[in-house]
Amino acid sequence: MASGTALIYDEEMTTHKLLWSDPICDIEVPERLSSSYEQLRSYHLVERCVPVPAREGSEEEILLVHSLEHLEVAKSTQTMNEEELKRVSKNYDAFFFHPSTYRCARLAVGAALQLVDAVMAGKVHNGMALVRPPGHHSQRNAANGFCLFNNVAIAAEYAKLKYGLQRILIVDWDVHHGQGTQYIFEEDPSVLYFSWHRYEHQEFWPSLRESDYDAVGLGKGKGFNVNLPWNKFDPELVIVSSGYDSGIGDPEGQMNATPEVFAHLTHFLMQLANGKLCVILEGGYHLKSLGESVCMTVKTLLGDPVPQITGEMAPCLSAVESIQNVRAAHKPYWKWLAYEDTSFLQNLSTKSHLLKKANSNPSTEDESQITNNNNTVKVERFLELHMKNILLPMPPIKTAATGSEVSEHFFPEHVQLVKEMDKTEIKALVSGFYADLVKEETLLSLGSMFVILDKILKKEVCNGIAASPTAALSAAVALRHSVRFGLQRVLCVFVGDMQMIPNTEDGKMLVINICEKEQSRKTSCKHYISLNWKEDAEGNDFFSAVLGFILPVAYSYQPNLTVIAVGPNRSLGISGISLLVALLRGLAESRIFAVIEDTEISLMQSIAKALVGASTPPFGIYVPPTQEKVNKIKALRDQFQQEWKMLQCSVKDGI
Ligand code: X5A
Ligand code: ZN
């Protein structure tokens, strides 16, 4: 399995610059690249990456996507004087040529291809390319929106050709719609293009009708492949059009994404395509904000703990509405959307839009966006403070594991094995505070659990795994111990029969119990949720429960620690549980304590891998859940969405 994160940076791409005054283009400056790289250096991230050189993309490679005419025009600008450059630039919407533009754009293309090669050849696991000019607005025959050649699109065509890939996912999280990429792959079912972008009902640049949710692909990309590729899309490679212009302080995007948001986006995508992820820079125009966000992305690619998202964990109505519209528009093409009742949406959308327009009050809107003025100094100060809070409490990613009964080679590298606790020590600890939970004869089984949990609580390690003959008991004691230590919110996901259900009334614990049968002793309440789920034998339908219920609840709760325990009679397979662990690393700064029944040797190994973040458990082709399971999730969402706001997925729900 490949390891390591590639980083591609070539100073030469800073030579492309605006030579005249143009208020639209003047934010796309060379420092976007150099200062991001400096920032990476200052966090000591550069030295942790595998340096990969850029190269020039060949003419042939550029022609994979662009017309010969476009290539020739671009080539001809190399020898032009300023007047001529200005004249050619005016032929396009928001673009500027410099004599070195052509050379830089070829390096940007080549950098993207080098990254694809490094990932596909297994030299590295994933990577990021810092490039200029960006690419996603560029079209077959036109430069557009600071972009000359479509780096990401060429990378996708190249990967298809050179490696015979049949399914590539492009995720575009730039604040603008990558209409260039959309046009290029519109009819191509082998490339799934996902973009999210600011739209403002077509008022935000590029202000195109076809950027709306009802553009679902054309021709072959729509009709021809409805049954096969669109219903089961398990990508072999993920390429990110990585713009940071939705970042806080960005003068162009004017949105408010903090740097850690990009850590979470990256972390989610790392679970796909066996971790094969190529991140290629697009927009991002507030230098400090851009640099921090680039750093968060690279840190996450390297497997570092994922920082906590701060702020109110509730979706905004308008965002929920947009997502709902996308789901409705794609319902004909994606099997897993088929059960949703989404027909009523479109007019609702218009209604709330009009409502908002009528009520909009500029002064209060300004107040709600204190950080979102163009005052770059203010944002810089905010970021400085904020990043200190985000980064300082993060321990290095270290995993502790039970050491006594297993050999060193059992766990992946870097896992630190710990010795059991002294028997009298345990006795002393347990007899006072945990006496009601623990009987004398089971007491010794808690030894390694305490040692590992203490290391996590004291932040000596990031996560840990303990084998236990009595997982339910260990988990119950671990929860109480963590709360006693002072943690405010501990999330416990318990898989299997939980013979001992802790008292969750004070809200300091949230227990989600995944088991085959309904727990008879206790019905669900805000902080104890019983989720009956028996995994489909053929595949991983549990994925829908994780994404549709467990993660939204977990993100709403914002735990300081996650305890995952696997007891007897588990109803999930190893890959399902590993996926759960991998995704739960997105919470609680990746602090996870896993307690596994000691008979489960291969499960322990698989979880340990997920914990170190070195390898993503393969979950294969997504299996859509049965109607019964869909109903189950729906019922749970209905039951809990007032308590756990991130569960809201339709506008009707929120009212
Ligand atoms: C790559 C990118 C934005 C162009 C904005 C023009 N382009 N108003 O972010
Ligand atoms: Zn952009």
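Residues numbered from 1 in each chain as written. Chains lettered and ligands numbered in written order. Predicted model: local features only at pLDDT ≥ 70, side-chain atom pairs only at ≥ 80, totals over all residues. Heavy atoms only, no water.

Caption draft 1: Here's a closer look at the sheet that holds strand 12 (residues 509-515). Strands sit in the order 9-8-10-15-14-11-12-13 across an open sheet of eight strands; the sheet is parallel. Looking along the sheet, the strands with just one partner apiece sit at the ends: strand 9 (415-418) and strand 13 (528-532). Along the sheet, successive strands turn relative to each other by an average axial angle of 15 degrees, direction set aside. When strand 14 (residues 561-566) meets strand 15 (residues 592-597), the two strands line up parallel, connected through five bridges. Among the inter-strand pairings, Val566 is bridged to a residue of strand 15, identified as Ile596. (Pairing = 2+ DSSP bridges. Helix = DSSP H or I, 4+ residues; strand = E, 2+ residues; numbered from the N terminus. Axes fitted to C-alpha atoms, helices over the stretch in contact; angles between N-to-C directions.)

Caption draft 2: Expanded view of the site of ligand 1. In the region of ligand 1, the neighbouring residues are Pro134, His136, His137, Gly145, Phe146, Asp174, His176, Trp205, Asp245, Glu252, Gly283 and Tyr285. Here Gly145 contributes a backbone N or O atom positioned 3.0 Å from a nitrogen atom of ligand 1. In the complex, the protein chains occlude 96% of the 310 Å² of accessible area that ligand 1 would expose alone. When the residues that make up the shell around ligand 1 are grouped by side-chain class, the tally is four nonpolar, five polar and three charged. (Near = heavy atom within 4 Å. Polar contact = N/O pair within 3.5 Å; in protein donor to acceptor, adjacent residues only side chain to side chain. Areas by Shrake-Rupley, 256 points an atom, 1.4 Å probe, with all protein chains shown as cover. Nonpolar A, V, L, I, M, F, W, Y, C, P; charged D, E, K, R; others polar.)

Caption draft 3: Structural context of the state of the cysteines. Within this structure, the stated rule accounts for zero disulfides. In this structure Cys295 is not part of a disulfide, and its nearest cysteine sulfur, from Cys49, lies 9.8 Å away. Under the relative-accessibility criterion, Cys295 is labelled buried at 1%. (Disulfide = S-S within 2.5 Å. Buried < 20%, exposed > 50% of the residue type's maximum accessible area, 1.4 Å probe, protein only.)

Caption draft 4: View of the pattern of salt bridges. This structure, assessed with the given rule, holds 23 salt bridges. A salt bridge links Glu56 to Arg106; the shortest N-O distance between them is 3.5 Å. One end of the pair, Glu56, is in the loop between strand 2 (50-51) and helix 2 (59-62); the other, Arg106, is in helix 5 (residues 101-120), and 50 residues separate them in sequence. You can call Glu56 partly exposed: its relative accessible area is 31%. With relative accessibility at 11%, the residue Arg106 sits in the buried group. Lys75 is paired through a salt bridge with Glu72; the nearest N and O atoms lie 3.7 Å apart. Placement of the pair is Lys75 and Glu72 together in helix 3 (residues 68-76), with a separation of three residues, close to one helical turn. One network of salt bridges, with partners in common, ties together Glu12, Glu56, Arg103 and Arg106. (Salt bridge = Lys/Arg side-chain N within 4 Å of Asp/Glu carboxyl O.)

Caption draft 5: View of the nonpolar core. Residues Phe149 and Ile239 are the most contacted members of the largest nonpolar core, which totals 97 residues. Ranked by residue count, the leading element in this core is helix 5, at 14 residues. (Core = buried A, V, L, I, M, F, W, Y, C linked by side-chain atoms within 4.5 Å.)

Caption draft 6: Structural detail: the coordination of the zinc ion (ligand 2). Every protein donor of the zinc ion (ligand 2) is listed here as Asp174 (OD), Asp174 (OD), His176 (ND1) and Asp245 (OD), and their distances to the metal cover 1.9 to 2.7 Å. Linear spacing of the donor residues for the zinc ion (ligand 2) on their chain is D-x1-H-x68-D. (Donors = N, O, S within 2.8 Å, 3.2 Å for Na, K, Ca; no water.)

Caption draft 7: Local environment of the sheet that holds strand 5 (residues 191-195). Pairing in this open sheet of seven strands is parallel, and the strands run 2-1-3-7-6-4-5 from one edge to the other. Both outer strands of the open sheet, strand 2 and strand 5, are each paired with one neighbouring strand and no more. Two strands pair when backbone bridges link them, and strand 6 (residues 237-242) and strand 7 (residues 277-281) are joined in this way by five bridges, in the parallel orientation. Across the sheet, residue Ser241 finds its bridge partner in strand 7, namely Ile280.

Caption draft 8: Examining the environment of Glu597 more closely. Position of Glu597 relative to the elements: it lies in strand 15. You can call Glu597 buried: its relative accessible area is 13%. Residues in contact with Glu597, not counting those within four places in the same chain, are Ser468, Pro469, Thr470, Ala471, Val566, Gly567 and Pro568. (Contact = heavy atoms within 4.5 Å.)

Caption draft 9: Seen up close, the packing of helix 17 (residues 542-557) against helix 20 (residues 627-640). Running from N to C, helix 17 and helix 20 cross one another at 15 degrees; their axes reach a closest spacing of 10 Å. With respect to helix 20, the element helix 17 is oriented roughly parallel. Relative to helix 20, the crossing made by helix 17 is right-handed. Along the contact surface, helix 17 presents Ser544, Ala545, Gly548 and Phe549, while helix 20 presents Ile633, Leu636, Arg637 and Phe640. Among the residues making up the contact of helix 17 with helix 20, the classes are represented as five nonpolar, two polar and one charged. (Parallel < 35°, antiparallel > 145°, perpendicular 65-115°, else oblique. Left-handed = near helix turned anticlockwise from the far one by under 90°.)

Caption draft 10: Layout of the packing of aromatic side chains. Summed over the entire model, instances satisfying the criterion amount to twelve aromatic pairs. Relative to Tyr285, the ring of Phe146 lies with its centre 5.6 Å away and its plane at 80 degrees, an arrangement referred to as edge-to-face. Placement of the pair is Phe146 in the loop between strand 3 (126-129) and helix 6 (151-163) and Tyr285 in the loop between strand 7 and helix 9 (287-301), with a sequence separation of 139 residues. Exposure class is identical for Phe146 and Tyr285. Each is buried. (Phe/Tyr/Trp six-rings, centres within 6.5 Å; stacked < 30°, edge-to-face > 60°.)

Caption draft 11: Looking closely at the packing of helix 18 (residues 574-584) against helix 19 (residues 601-612). One way to put it is that helix 18 packs onto helix 19 with a least axis distance of 9 Å and a crossing angle of 25 degrees. Between helix 18 and helix 19, the angle falls in the class roughly parallel. Seen from above, helix 18 lies across helix 19 with right-handed handedness. Seen from helix 18, the contacting residues are Ile574, Ile577, Ser578, Val581 and Ala582; seen from helix 19, they are Ser602, Leu603, Ser606, Ile607, Ala610 and Leu611. Looking at the contact of helix 18 with helix 19, its residues break down into eight nonpolar, three polar and no charged.

Caption draft 12: Representation of the side chain of His386. With respect to the secondary-structure elements, His386 resides in helix 13 (residues 376-391). Judged by relative accessible area, His386 falls into the buried class, the value being 10%. Polar side-chain contacts of His386 include one of 2.8 Å to the side chain of Glu260. Sequence-distant contacts of His386, defined by excluding residues within four places in its chain, comprise Thr258, Pro259, Glu260 and Thr310.

Caption draft 13: Local environment of the pairing of strand 3. The two faces of strand 3 match: Asn126 and Met128 on one face and Gly127 and Ala129 on the other face are all buried. Bridging between strand 1 (residues 5-8) and strand 3 involves four bridges; their strand directions are parallel. Bridged to Thr5 within strand 3 is Asn126.

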